[in-house]
Amino acid sequence: MVRFPRWLTVFLVALIVVGVGFRFVNLNHKVFSQTEVDTTIRAAGYTQAEVDQELFQNQPLAAITLQQYQQIKPGSNAIDTVRSLAVEASHHPPLYFLIARGWMQTLGDVLTRLFNSPLTVMRSLPAVLSLLALPAMYGCAWELFASHPVSLLATALVALSPADAIFAQTARQYSLMTVLVIGSSFLLLRAIRQFQTTASQSATAQRHALRQPITWLNWGCYGLALILGLYTHPLFTLTLISHILYIGACFVWDAQFKKHRRSILQFFVGAIVVAILCFSPWIVVMLVKPQSFGSGIYWSQPSSELANVLKQATQSLALPFIDFGFQNLFTTWLQVLCLLLIGISLYILCRHTLFVTWSFVLLWIAIPLLLAVPGLIWGNNRVVLSRYLLLGYPGIQLAVAYFLATRLSMKRVYSGRSRLLTRNYSPYKLQSDPLAIWQTWVWRGVLGGAIAASLASLILSAASYTWWDKGVSATNYQTVDFLNEITDPILVSDKGDIVTNTGDLISLSYHLKETVQLLPLRNSDFVESQEFQTKLQGKNAIAFRPSQTLQQALEEQYGQLAQILSTKQLWKISVTAPQKIEKSQKN
């Protein structure tokens, strides 16, 4: 067990407080992405089809009118939220959306008035939920290493993690998923340890342990965590798979597990069976509506640049410690150093801890990483990789925390309190030779560098209007700035080729001035009508991310569209020269 100096303990506690604060800094600052809009639409009880049918009517609209779809649908209830997901987005189980609906109904008006922004309502929920990951990580690290310093350092790494902070400020279910991934792992380890402690003495003690209320309570809590995790996101199954592989591996290679194999297996399998049975109604929904499952993963389509994907994978793996939002030679080297630190930490963990410890952490990391491997081959973007790897980030943080904690103090005292802690170690006294002191300060410097990188990442992210996780909405702020500066703008758009324009139009509405009008088109045929030309007369007509069909129709009528900005989101329509209409008038 490692003993930290008092100043280091106080410092880590202060860092945890700082990390908590960054989860709530500038919640309204960044672009509200189309995926966050989609979350709010479904939590409010709307379906995408309902919104599209009401929105795309070939009629000019004030931007602010679009925000009605971000409020609870009149006359709706929780069943409408579930129905919206079941019909159109079965790849999203309903737990988080139901919690978000309750949050909107209970605190929506209060938070909007208090912070003068409706964005606070939806983003404050994941920020609050993300705080639960901190005690869960502390407990998980304690179960693995039985060391308060290691647990404290692991908690501090989670609090300062740029990855956790990003998803804590995103109105999606990822922060809740992180909490349940860590929480379920903690509950599994605690259930096993407490059962083994009670049943380790004799066969009679084991039978007594099977009847203990605390045993049933522990495994019941673990089963509940599995149910909540499955109803949060399908990716949670990766955590469940890692738990199954861990139990199987321990039964084969660990003697202590073999002694209680039958009893542990009964409780473990029972918890999984109950969780799957409780989740089976939504499994039926996903089987009945398979097309909705596929419709939500357009972002996982392949890209052609393997080198770029490898770079994105490096950024994603280093994300628990560094994320500057831009890429150059300096940041690349920092990310490589982070990967080196992670690699060394995993090596030391496997060398210096028992099988039941390092196998748990290694499987925690490896299973999500294996799922991300096809992305490396096919070319998935960084957003996709980070969502897969999000489940493995806590394992990385645990490994790094163990490695650095064992080297942060000049006095390292190992105890025999837990068999999960170390193997083949003998207690030894404080080393006072200059080399040992120098090595200790080197590793403190490494920790300081990791903390500095995390703090710099948090500061840059908090000050930015957008970030890489916003996906196709990342450049919406540039669109808003341009439209707010020109006179009499009218924004022409349709649903788009990747069906994200609805969410992005609502995203834009939060920041557009009242002078900006929107003209959502039902289809491209309306472009040929005299009514469309009349609506554009005297206006600065701009096309927003038009589909290929709409762009072709506009160019046939008004000539080549002129690209505005470098984002390829805005195209200037030359209203003064409607070619087809002029030709028909001459004839």
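Provided above is the structure to which this section pertains.
A. Looking closely at the overall build of the protein. Across its full length, the protein holds 27 helices and 6 strands. Looking at the protein as a whole, 56% of its 587 residues are labelled buried. When contacts within the protein are restricted to residue pairs at least 6 apart in sequence, long-range pairs at least 24 apart make up 80% of them. As presented, the protein carries roughly 25,000 Å² of accessible surface, and 63% of it is formed by carbon and sulfur atoms.

B. Layout of the nonpolar core. One finds Leu153, Trp219, Tyr222, Tyr246, Phe257, Leu398 and Leu491 to be the most contacted residues of the largest nonpolar core, which totals 150 residues. A per-element tally of this core places helix H10 (residues 174–199) first, with 14 residues. Setting aside anything within four residues of it in sequence, one finds tyrosine 222 in contact with Ser184, Leu187, Leu188, Leu240, His243, Phe268 and Ala271. Counting 18 residues, the second-largest nonpolar core is a separate cluster that includes Ile490, Leu519, Ala543 and Val575.

C. A look at the side chain of arginine 545. For arginine 545, the position within the fold is in the loop between strand E4 (540–544) and helix H26 (548–558). There is a polar contact of 2.6 Å between the side chain of arginine 545 and the side chain of aspartate 504. Discounting residues that sit within four places of it in the chain, arginine 545 has contacts with Val472, Asn476, Asp494, Gly496, Thr500, Asn501, Asp504 and Gln569.

D. View of the sheet that holds strand E6 (residues 570–572). Across the sheet, which stays open at both edges, the 6 strands sit in the order E1-E3-E2-E4-E6-E5 with mixed pairing between neighbours. Each having just a single partner strand, strand E1 (61–62) and strand E5 (562–564) make up the two edges of the open sheet. Where E5 and E6 come together, 3 bridges link them in antiparallel fashion. When the sheet's bridge partners are listed, alanine 562 is paired in E6 with lysine 572. Each of strand E2 (489–493), E4, E5 and E6 touches helix H23 (residues 476–485); the most contacted strand, E4, lies at about 170° to it.

E. Layout of a nonpolar patch on the surface. Taken together, Leu265, Val269, Val273 and Leu277 make up a surface patch of nonpolar side chains, about 330 Å² in accessible area. Given the relative accessible area of 41%, valine 273 is considered partly exposed.

F. Looking closely at the packing of aromatic side chains. Per the counting criterion, the structure on display carries 19 aromatic pairs. Aromatic side chains tryptophan 219 and tyrosine 222 sit 6.0 Å apart centroid to centroid with 85° between the ring planes, which places their arrangement in the edge-to-face category. Separated by 3 residues within a single helix, tryptophan 219 and tyrosine 222 lie in helix H12 (residues 213–230), roughly one turn from each other. With respect to class, tryptophan 219 is no different from tyrosine 222; both count as buried. One aromatic cluster is present, built from ring pairs that chain together Phe195, Trp216, Trp219, Tyr222, Phe267 and Phe268. The lysine or arginine in question, lysine 30, covers the ring of tryptophan 467, its NZ or CZ lying 5.9 Å from the ring centre.

G. Just the packing of helix H7 (residues 133–145) against helix H8 (residues 148–160), in detail. At a minimum axis distance of 8 Å, the contact between H7 and H8 shows a crossing angle of 145°. The way H7 lies across H8 gives a crossing that is right-handed. Packed against H7, whose contacting residues are Leu134, Met137, Tyr138, Ala141, Trp142 and Phe145, the element H8 presents His148, Val150, Ser151, Leu152, Ala154, Thr155, Val158 and Ala159 at the interface. Taken together, the residues that form the contact of H7 with H8 break down as 11 nonpolar, 3 polar and no charged.

H. Highlighting the pairing of strand E3 (residues 517–520). Here E1 pairs with E3 via 2 bridges, running antiparallel. The residue bridging leucine 61 from the neighbouring strand is leucine 518, located in E3. Two strands pair when backbone bridges link them, and E2 and E3 are joined in this way by 4 bridges, in the parallel orientation. Residue pairing across strands places serine 493 opposite proline 520, the latter belonging to E3. In this view, the connection linking E2 to its parallel neighbour E3 by way of helix H24 (residues 501–509) has right-handed handedness.

I. Region of interest: the packing of helix H13 (residues 236–253) against helix H15 (residues 261–288). Relative to each other, H13 and H15 sit at 170°, their axes nearing to 11 Å. Taken as axis vectors, H13 and H15 run roughly antiparallel relative to one another. Every residue of H15 that contacts H13 at Leu240, His243, Ile244, Ile247 and Phe251 is listed here: Arg261, Ile264, Leu265, Phe268 and Ile272. Looking at the contact of H13 with H15, its residues break down into 8 nonpolar, 1 polar and 1 charged.

J. Structural view of the environment of phenylalanine 251. By the element assignment, phenylalanine 251 lies in helix H13. Residue classification places phenylalanine 251 among the buried residues on the basis of a relative accessible area of 9%. A sequence separation of 13 residues divides phenylalanine 251 from isoleucine 264, and the C-alpha atoms of the two residues are 9.8 Å apart. Sequence-distant contacts of phenylalanine 251, that is, excluding residues within four places in its chain, are made with Phe257, Lys258, Arg261, Ile264 and Leu265.

K. Up close: unusual backbone geometry. The backbone of alanine 146 sits at a positive phi, close to 50°, despite the residue not being glycine. Overall, the relative accessible area of 1% leaves alanine 146 in the buried class. Positive phi, normally seen in glycine, also occurs at aspartate 488, with a value near 50°. By relative accessible area, aspartate 488 is classed as partly exposed at 44%.

L. Representation of the pairing of E2 in the model. Where burial is concerned, most of E2 is hidden: 5 out of the 5 residues are buried. Of the two faces of E2, the one lined by Pro489, Leu491 and Ser493 and the one lined by Ile490 and Val492 are each fully buried.

Cut-offs applied
Residues numbered from 1 in each chain as written. Predicted model: local features only at pLDDT ≥ 70, side-chain atom pairs only at ≥ 80, totals over all residues. Heavy atoms only, no water. Helix = DSSP H or I, 4+ residues; strand = E, 2+ residues; numbered from the N terminus. Buried < 20%, exposed > 50% of the residue type's maximum accessible area, 1.4 Å probe, protein only. Contact = heavy atoms within 4.5 Å. Areas by Shrake-Rupley, 256 points an atom, 1.4 Å probe, with all protein chains shown as cover. Core = buried A, V, L, I, M, F, W, Y, C linked by side-chain atoms within 4.5 Å. Polar contact = N/O pair within 3.5 Å; in protein donor to acceptor, adjacent residues only side chain to side chain. Pairing = 2+ DSSP bridges. Axes fitted to C-alpha atoms, helices over the stretch in contact; angles between N-to-C directions. Patch = residues over 30% accessible without salt bridge, like charges linked within 9 Å, V, L, I, M, F, W, Y side chains within 5 Å. Salt bridge = Lys/Arg side-chain N within 4 Å of Asp/Glu carboxyl O. Phe/Tyr/Trp six-rings, centres within 6.5 Å; stacked < 30°, edge-to-face > 60°. Lys NZ or Arg CZ within 6 Å of the ring centre and 35° of its normal. Left-handed = near helix turned anticlockwise from the far one by under 90°. Nonpolar A, V, L, I, M, F, W, Y, C, P; charged D, E, K, R; others polar. Right-handed = clockwise from strand over helix to strand, strands pointing away. Parallel < 35°, antiparallel > 145°, perpendicular 65-115°, else oblique.

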